[in-house]
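Architecture at a glance
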Amino acid sequence: MSYQTGQMGVAAGISLIYMITIPFVFLSTSAQTIEQGAGAAWLIPLVSGVAGIVMLVAMTYVLSKFPGDLYTVCRKLLGQVGAWIVALYYVGLFFCDSVLILRQFAENTLLTALPNIEFSVVVLLYIAVAAVVIYPGLEGVVRSNYIIMPFSISALILVVLLLIPSYNYYNLLPWQGTGLEKVIPVGLIFAGAGAGSFAIIILAPAFQSAQTMRQVAIWGLGLSTILKVVTVLGFSLTFGNEVAREKVLPFFEMARLVYLSRYIQHIEALFIILWVVAGVFALAINFYMGLYLITRLLNLPTMRPLIPIVGIFLAQIAMMPPDITTVLIWDGILISTYFNIGLYGIPTVIIAAASFKQKKGRGTKC
């Protein structure tokens with residue numbers, strides 16, 4: 001197998017972005033946004049999504065002028081050393097995201113479904129399944145996922161709709177939450193959580209054109225953003241600001257409240273399967289992207305020998321933090337600092353370098 005990713009269209013690209021950004025819904029992030037924004041918490045994922053779309057679309061315009069993947073473009077614009085720095089940065093970003101997702105989903109599995117199983121076994125199971133998933137290549141992963149996507153999206157929306165009788169619209173008061181001057185900056189900072197969506201820029205040659213990537217960025221990240229906004233809004237309406245802050249697994253708690261009849265209860269068990277699948281796919285894509293960049297940098301013919309080695313390494317790092325609270329603290333720190341460099345900082349440098357080179361080229365022709 002080569003490290004090449006095959007060919008992906010709009011549907012496959014949307015699937016890629018959707019799966020790498022949707023874990024927000026199944027983790028404790030919704031509770032954190034409500035803590036920051038109160039009644040206007042739904043605005044935080046909206047601002048984050050718009051910021052991510054703007055940066056992705058801007059990068060697609062750079063790729064339309066300088067064809068190639070992110071590494072190739074950086075070599076043209078920033079030189080060999082600059083390209084290596086950018087590539088190594090994104091390797092760290094995807095592996096950090098892998099570790100955070102792996103640890104949080106493993107903890108959630110213990111909390112909700114398998115309380116008596118050994119923690120290390122759960123971690124190893126997650127990373128082993130992710131390794132098996134990416135072994136044939138990324139194209140199969142994203143194509144499989146866009147078959148599953150309609151069912152997962154329908155299930156998410158169904159829970160929000162079924163909870164309408166439980167909604168208390170006074171929970172959204174005051175309408176501006178903790179104040180727009182705080183909510184909007186928090187949304188811009190939280191946008192770092194979606195830095196993984198730059199996978200489509202890294203994999204640019206796998207797409208038909210820059211126009212295809214532009215459509216993928218808008219529709220993929222837009223769909224993910226809408227689902228996040230709807231989930232946070234439903235969570236706020238159901239529990240209120242004070243209670244919602246205390247929930248460790250917001251979406252699971254929402255699903256637990258759904259009551260269809262005395263014969264159909266506890267549908268949250270079905271949703272455990274849904275978020276496990278989401279966690280595995282998100283982990284697999286992050287895992288693959290980190291390996292892809294390493295393979296690309298070292299010009300290796302295949303990434304397969306790296307999969308078990310790096311997988312064990314990531315699993316060991318995921319088990320190092322003493323508790324989930326430490327993981328959540330590090331998650332917040334990395335999103336607001338390290339991940340934002342990949343969403344705002346590096347793309348801004350690349351866009352500026354591309355603009356300078358174009359102007360210089362026009363000046364030389366004159």
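The sections below set out a description of the structure shown in this document. (Residues numbered from 1 in each chain as written. Predicted model: local features only at pLDDT ≥ 70, side-chain atom pairs only at ≥ 80, totals over all residues. Heavy atoms only, no water.)

Description of helix 6 (residues 138-162)
For clarity, the threshold we go by: The helix count covers DSSP runs of H or I at least four residues long, the strand count covers runs of E at least two residues long, and both are numbered beginning at the N terminus. Here the expected span of a helix is defined as 1.5 Å times the quantity of residues minus one. A residue's bend is the angle separating two fitted axes: one through the seven residues that end there, the other through the seven that start there. Throughout, exposure labels follow a simple rule: accessible area from a 1.4 Å probe, protein chains only, divided by the maximum for the residue type, with under 20% read as buried, over 50% as exposed, and the rest as partly exposed. In what follows, residue pairs with any heavy atoms lying within 4.5 Å of each other are defined as contacts.
Between the first and last C-alpha of helix 6 there are 35 Å, a value that for 25 residues agrees with the 36 Å anticipated at 1.5 Å per step. Its maximal kink placed at isoleucine 148, helix 6 deviates by approximately 40°, while the proline proline 150 follows within four residues. Residues Leu138, Val141, Val142, Asn145, Met149, Ser152, Ile153, Ala155, Leu156, Val159 and Val160 constitute the buried set of helix 6. Check the buried side of helix 6 and you find it contacts helix 1 (10-21), helix 5 (119-134), helix 9 (210-244), helix 10 (250-257) and helix 11 (268-298).

Section: helix 7 (residues 180-190)
Put simply, the rule is: Think of the arc as the fan of directions from the helix axis to the C-beta atoms.
Buried within helix 7 are the following residues: Val183, Val186 and Gly187. For helix 7, the angular spread of buried residues about the axis comes to 105°, placing them on one side. Buried residues along helix 7 sit against helix 2 (29-37) and helix 3 (43-65).

Focus: the packing of helix 9 against helix 10
In plain terms, the rule: Every angle, taken between N-to-C directions, lies between 0 and 180 degrees, and every axis is a line fitted to C-alpha atoms, over only the stretch in contact when it is a helix. An angle below 35 degrees is treated as roughly parallel, one above 145 as roughly antiparallel, one from 65 to 115 as roughly perpendicular, and anything else as oblique. When the near helix sits turned anticlockwise from the far one by under a right angle, the crossing is termed left-handed; a clockwise turn instead gives a right-handed crossing. Amino acids outside the nonpolar list (Ala, Val, Leu, Ile, Met, Phe, Trp, Tyr, Cys, Pro) and the charged list (Asp, Glu, Lys, Arg) are all regarded as polar, and Gly is one of them.
Put simply, helix 9 and helix 10 touch, their axes get as near as 10 Å, and they point 60° apart. With respect to helix 10, the element helix 9 is oriented oblique. In terms of crossing hand, the pair formed by helix 9 and helix 10 is left-handed. Across the interface between the two elements, Thr231, Gly234, Phe235, Thr238 and Phe239 of helix 9 pack against Pro250, Phe251, Glu253, Met254 and Leu257 of helix 10. In terms of residue class, the contact of helix 9 with helix 10 is made up of six nonpolar, three polar and one charged.

Some thoughts on the pattern of salt bridges
Selection criterion: For salt bridges, the criterion is a side-chain nitrogen of Lys or Arg within 4 Å of an Asp or Glu carboxyl oxygen.
Within the structure shown, the criterion is met by three salt bridges. One salt bridge connects aspartate 69 with arginine 296, and the closest N-O pair in it is separated by 2.8 Å. Pair noted here: aspartate 69 is in the loop between helix 3 and helix 4 (70-112) and arginine 296 is in helix 11, with a separation of 227 residues, a long-range link. In this structure aspartate 69 comes out as buried when scored by relative accessible area, which is 4%. With a shortest N-O distance of 2.9 Å, arginine 103 and glutamate 107 are connected by a salt bridge. A residue pair is termed a helical-turn pair when its members lie 3 or 4 positions apart in one helix, as arginine 103 and glutamate 107 do in helix 4 at four residues. Comparing arginine 103 with glutamate 107 shows no difference in burial state: the two are buried.

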